Amino acid sequence: MKAWIAGALSVSLAAGSALGAAPAPAPSPTPVDATLKTSSGKEVRLSKWRGKPVILFYEDKDSTKLNATLKKELFARGQERGILDAAWVLAVANLQSFDFFPARQIALSFVRDEEKKVGVPILVDMDGTMGKAPWKLPVKTSNVVLLDAEGALVYRHSGRMKPDELTAFFAVLSRLVGVDLNTPVPTEPTP
């Protein structure tokens, strides 16, 4: 369990599986929202993070490493361009299979510990909210979702991202933050 949470939270910013291979529905032109919980049990709406683009990772315990490359690249590209605060990064842990005593409290304790380490909000989905309409995300894989500043769904991917899918993700994120994230940053020549 701890390895799952540590893997999920390597998001520190801020093979595709058969389950992840299903085509994603078209992005939503209208804002979407969901009510989830914080690791302390307080209900919170995703709309709380409007005003900037949102990069949302929704993963179950077995899928946190599927998009480790994206997570590392996201942080590296944001850091080298000085735009780490240009978007919100949220992790949502699918804890539906741990919604019973005593597993619930143990899982939430791990989430709280990891939140403190990485400084990224980690919300929990105890009842499968993100698998239901309007989200309809697969609950047993890694999901990456981009919302614009108004909360409209503009990109989603389920499963491990291939190189061309990473490029597509960064192209959409580039439009949202107004900075080209696909072109390498020129390095200054050393004297």
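Residues numbered from 1 in each chain as written. Predicted model: local features only at pLDDT ≥ 70, side-chain atom pairs only at ≥ 80, totals over all residues. Heavy atoms only, no water.

1. Thoughts on the overall build of the chain
Of the regular secondary structure elements, the chain holds 4 helices and 7 strands. Each helix and strand of the chain, placed in order from N terminus to C terminus, yields the pattern α-β-β-β-α-β-α-β-β-β-α. The buried share of the chain, taken over its 191 residues, is 46%. Carbon and sulfur atoms make up 57% of the accessible area of the chain, which totals about 9600 Å². (Helix = DSSP H or I, 4+ residues; strand = E, 2+ residues; numbered from the N terminus. Buried < 20%, exposed > 50% of the residue type's maximum accessible area, 1.4 Å probe, protein only. Areas by Shrake-Rupley, 256 points an atom, 1.4 Å probe, with all protein chains shown as cover.)

2. Details of the packing of helix H2 (residues 68-81) against helix H4 (residues 163-177)
Helix-helix packing is characterised by the crossing angle of the two axes and by the distance between the axes. Where H2 contacts H4, the axes come no closer than 12 Å and their chain directions differ by 40°. Seen along the crossing, H2 lies across H4 with a hand that is right-handed. Packed against H2, whose contacting residues are Thr69, Leu70, Glu73, Leu74 and Arg77, the element H4 presents Leu166, Phe169, Phe170 and Leu173 at the interface. Tallied by class, the residues present in the contact of H2 with H4 amount to 6 nonpolar, 1 polar and 2 charged. (Axes fitted to C-alpha atoms, helices over the stretch in contact; angles between N-to-C directions. Left-handed = near helix turned anticlockwise from the far one by under 90°. Contact = heavy atoms within 4.5 Å. Nonpolar A, V, L, I, M, F, W, Y, C, P; charged D, E, K, R; others polar.)

3. Regarding the packing of aromatic side chains
Ring pairs (aromatic) are described by centroid distance and by the angle formed between their planes. Here the structure, examined in full by the defined rule, presents 2 aromatic pairs. Taken together, a centroid distance of 5.6 Å and an interplanar angle of 70° make the contact between Tyr155 and Phe169 edge-to-face. Placement of Tyr155 in strand S7 (residues 153-158) and of Phe169 in helix H4 is noted, with a sequence separation of 14 residues between them. The class for Tyr155 is buried, based on a relative accessible area of 12%. Residue classification places Phe169 among the buried residues on the basis of a relative accessible area of 0%. Each member of the aromatic cluster is reached from another via a ring pair, and the members are Tyr155, Phe169 and Phe170. Across the ring face of Trp88, the terminal group of Lys52 is positioned such that the distance to the ring centre comes to 4.2 Å. (Phe/Tyr/Trp six-rings, centres within 6.5 Å; stacked < 30°, edge-to-face > 60°. Lys NZ or Arg CZ within 6 Å of the ring centre and 35° of its normal.)

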